[in-house]
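Tertiary structure, described
Chain by chain, the residues run as shown.
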Amino acid sequence: MPDLLKIAVNGAAGRMGQRITALTIADPELELSAALEYAASPQQGHDAGEVCGAGKCGVTISSELVHRVDAVIDFSLPEALDSILPACEERQIPLVIATTGYTDAQREQIAAAANSTPIVMAPSMSMAVNLVMKLVSDAARVLKDNTDGVDVEIIERHHRFKEDAPSGTALHFGKLVAEQMGQENHIHGRSGRPGQRPHNEIGYHALRTGDNVGEHTIVFGMMGETIDLTVRGHTRDSYAYGALAAAKFVASQKAGLYSMNDVLGL
Ligand SMILES: NC(=O)c1ccc[n+]([C@@H]2O[C@H](COP(=O)([O-])OP(=O)(O)OC[C@H]3O[C@@H](n4cnc5c(N)ncnc54)[C@H](O)[C@@H]3O)[C@@H](O)[C@H]2O)c1
Ligand SMILES: O=C(O)C1=N[C@H](C(=O)O)CCC1
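Residues numbered from 1 in each chain as written. Chains lettered and ligands numbered in written order. Predicted model: local features only at pLDDT ≥ 70, side-chain atom pairs only at ≥ 80, totals over all residues. Heavy atoms only, no water.

Inclusion rule: UniProt positions are given in the numbering used here, feature names are shortened, and annotations may be inferred rather than shown by experiment.
Looking at an unreviewed UniProt entry, one finds the chain named 4-hydroxy-tetrahydrodipicolinate reductase and attributed to Fuerstiella marisgermanici. One UniProt comment on the chain, placed under Function (unreviewed entry), says "Catalyzes the conversion of 4-hydroxy-tetrahydrodipicolinate (HTPA) to tetrahydrodipicolinate." Of the chain, the UniProt comment under Subcellular location (unreviewed entry) reads exactly: "Cytoplasm".

Here is the structure:
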């Protein structure tokens, strides 16, 4: 009987953290070993299973990663990086970073930490989203020499509670397109009188409505026809299952920075 992988969830009382906690408890290969929240959280000391609706599990929400675990899954907020990253780096604990909205400096901190511990980092843990990322990259490569030019716009829709915009996923879609097509300017919304649209830009548009768990459309607009590639989530579990797969992957890797392409074999 192989040992269960010990998992810590950072942001355990959040929308995603609750799903990760519940699915970790339900996974026969995993053991929930720690459920972490910020020290002043009103959820401190509460049973993590009860918080996520899975029933009492005997793991109470705490603020410090005390015990050795096989992997940490982080769905928190950018301000949590200063606590969780050193905690994993110092003890070489494998880490899955799903949080978005980081600054460039924070992303550099994460890359540096990956020199001493394995980290999977992705703005979306969804298999479908990561597959569409490959399709978008392929489409951009084919279309890059279109004679009349191709106008790429990225539309993302998320729930009203989302604090960052545009989504990390949208930004990554834009990065993939620009790597193939060379756009240098990333324009977030438009207003006033910006004039005719130059080819050398990608536009981003962030809708925040209701309880939408995440939808992205990448528009390739040409003279005479348009390609829309859309991927939409139905529940947060599309991200949660990917995160659990990432934890099982990262627990056995050597130090380095990995993506969901490595986890999913894409
Ligand atoms: N990569 C993906 O697949 C994916 C999918 C969904 C959401 N996300 C990202 O995950 C993050 C969380 O999303 P959410 O909807 O669950 O948000 P949320 O606000 O519901 O949850 C965030 C949780 O982190 C906690 N937190 C804040 N500071 C903390 C700290 N210092 N230490 C520990 N916990 C702390 C909050 O108390 C909260 O419970 C966002 O950045 C979001 O963009 C990523
Ligand atoms: O619910 C969120 O917040 C999500 N955030 C990620 C992003 O910013 O790309 C993934 C989609 C859901």
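Still more to cover.
Topic: the packing of aromatic side chains
Worth spelling out the cut-off: Stacked, tilted and edge-to-face are the three classes applied to pairs of Phe, Tyr and Trp rings, where Trp contributes its six-membered ring and a pair requires centres within 6.5 Å; stacked means planes under 30 degrees apart, edge-to-face means over 60, and tilted covers the rest. Under the scheme applied here, a residue whose accessible area is under 20% of the maximum for its type counts as buried, over 50% as exposed, and between as partly exposed, the area being computed with a 1.4 Å probe on protein chains only.
Applying the stated rule across the entire model yields one aromatic pair. Taking 5.5 Å as the distance between ring centres and 80° as the angle between the ring planes, the aromatic pair formed by Phe-249 and Tyr-258 counts as edge-to-face. Residue class for Phe-249 comes out buried when judged on its relative accessible area of 17%.

Observations regarding the site of ligand 1
Quick note on the threshold: Nearness here has a simple test: a residue counts as near a molecule or strand if at least one of its heavy atoms is within 4 Å of that partner. A 3.5 Å cut-off defines polar contacts: any pair of N or O atoms within that distance qualifies, except that in protein one atom must be a possible hydrogen donor and the other a possible acceptor, and neighbouring residues in sequence count only when both atoms are side-chain atoms. Cavities and pockets are found on a 1 Å grid laid over the protein atoms alone: a cavity is a set of points where a 1.4 Å probe fits but cannot escape, a pocket is an open set with protein on both sides within 12 Å along at least five of seven lines, and a lining residue has an atom within 4 Å of such a point. To qualify as sitting in a cavity or pocket, a molecule needs more than half of its atoms within 2 Å of the grid points. Side-chain classes are defined by residue name, with Ala, Val, Leu, Ile, Met, Phe, Trp, Tyr, Cys and Pro counting as nonpolar, Asp, Glu, Lys and Arg as charged, and the others, Gly among them, as polar.
If you check the shell around ligand 1, you find 22 residues, and the closest are Arg-15, Glu-37, Thr-100, Pro-123 and Met-125. Here Arg-15 contributes a backbone N or O atom positioned 2.8 Å from an oxygen atom of ligand 1. The backbone of Met-125 places a nitrogen or oxygen atom 2.7 Å from an oxygen atom of ligand 1. Cavity membership is defined here by more than half of the atoms lying within 2 Å of grid points; on that basis ligand 1 lies in the largest pocket. Split by residue class, the shell around ligand 1 holds eleven nonpolar, seven polar and four charged.

Some words on the packing of helix α5 (residues 127-143) against helix α6 (residues 168-181)
Test applied: Think of each axis as a best-fit line through the C-alpha atoms, taken over the contacting stretch in the case of a helix, with angles from 0 to 180 degrees between the N-to-C directions. Secondary structure follows DSSP: runs of H or I at least 4 residues long count as helices, runs of E at least 2 residues long count as strands, and numbering of each begins at the N terminus. An angle below 35 degrees is treated as roughly parallel, one above 145 as roughly antiparallel, one from 65 to 115 as roughly perpendicular, and anything else as oblique. Should the near helix be turned anticlockwise from the far one by less than a right angle, the crossing is termed left-handed; should it be turned clockwise, right-handed. Here, residues are in contact when the closest pair of their heavy atoms is within 4.5 Å.
At a minimum axis separation of 8 Å, α5 and α6 run at an interaxial angle of 30°. Our classification of the angle between α5 and α6 gives roughly parallel. Seen from above, α5 lies across α6 with right-handed handedness. Facing α5, whose interface residues are Val-129, Val-132, Met-133, Val-136, Ser-137, Ala-140, Arg-141 and Leu-143, α6 presents Thr-169, His-172, Phe-173, Leu-176, Val-177, Gln-180 and Met-181.

Let's talk about the domain arrangement of the chain
To be explicit about the condition: In this document the domain limits rely on a domain assignment from an automatic tool or a database. Put simply, buried area is how much 1.4 Å-probe accessible surface two parts lose in total, over both of them, once they are put together.
Looking at the chain, the domain boundaries give domain 1 (5-125 + 236-264) and domain 2 (127-233). Centre-to-centre, using C-alpha coordinates, domain 1 lies 28 Å away from domain 2. Every contact between the two is made by twelve residues of domain 1 and, on the other side, 15 residues of domain 2. Together, the buried faces of domain 1 and domain 2 total about 1100 Å²; carbon and sulfur atoms form 50% of this surface.

Looking at the site of ligand 2
Spelled out, the test is: Method for areas: the Shrake-Rupley scheme with a 1.4 Å probe, in which residue coverage is limited to the protein chains shown.
In the vicinity of ligand 2, the contacting residues are Thr-100, Pro-123, His-158, His-159, Lys-162, Ser-167, Gly-168, Thr-169, Val-213 and Tyr-239. Notes on ligand 2: free accessible area 310 Å², of which the protein chains cover 85%. One can see that ligand 2 is located within the largest pocket. Each of domain 1 (5-125 + 236-264) and domain 2 (127-233) contributes no fewer than three residues to the shell around ligand 2.

So, the side chain of His-216
Within the secondary structure, His-216 is located in strand β10 (residues 215-221). Among the residues examined, His-216 registers a relative accessible area of 3% and is labelled buried. Polar side-chain contacts of His-216 include one of 2.7 Å to the side chain of Ser-167. Those residues in contact with His-216 that sit more than four places away from it in its chain are Ile-155, Glu-156, His-158, Ser-167, Thr-169, Ala-170, Phe-173, Leu-229, Thr-230 and Val-231.

Observations concerning the layout of surface pockets
Going by this rule: Grid points are joined across faces, edges and corners, and a volume is the space filled by probe spheres set on the points.
The calculated volume of the largest pocket comes to roughly 1100 Å³. The wall of the largest pocket is formed by 42 residues, among which Met-16, Phe-75, Ser-76, Leu-77 and Thr-99 lie closest to the centre. Listed by contribution, the elements that provide at least two residues to the lining of the largest pocket are α1 (15-26), α3 (81-90) and α6. Its residues assigned to classes, the lining of the largest pocket comprises 18 nonpolar, 16 polar and eight charged. Reported here for the second largest pocket is a volume of approximately 820 Å³. In terms of lining, the second largest pocket is formed by 30 residues, of which the most central are Arg-107, Met-121, Pro-123, His-172 and Lys-175. Breaking the lining of the second largest pocket down by element, the ones donating at least two residues are α4 (104-113), α5, α6, β12 (256-258) and α8 (260-264). Per element, the largest residue contribution to the lining of the second largest pocket is six residues, and it comes from α6.

Looking at the sheet that holds strand β11 (residues 226-232)
Two pairing modes exist for strands in a sheet, parallel and antiparallel, and in both the strands are linked by backbone hydrogen bonds. Spelled out, the test is: Strands pair, by our definition, only if DSSP identifies at least two bridges between them.
The five strands lie next to each other as β8-β9-β7-β10-β11, forming an open sheet whose pairing is mixed. Looking at strand neighbours, the two that pair on one side only are β8 (185-188) and β11, the edges of this open sheet. Here the strands of the sheet are splayed against their neighbours by 15° on average, with no regard to which way each runs. As judged from the seven bridges shared by strand β7 (residues 151-158) and β10, these two strands associate in the antiparallel manner. The partner of Asp-151 across the bridge, within β10, is Gly-221. The sheet contacts of α5 involve β10 and β11, and relative to β11 the element is tilted by about 165°.

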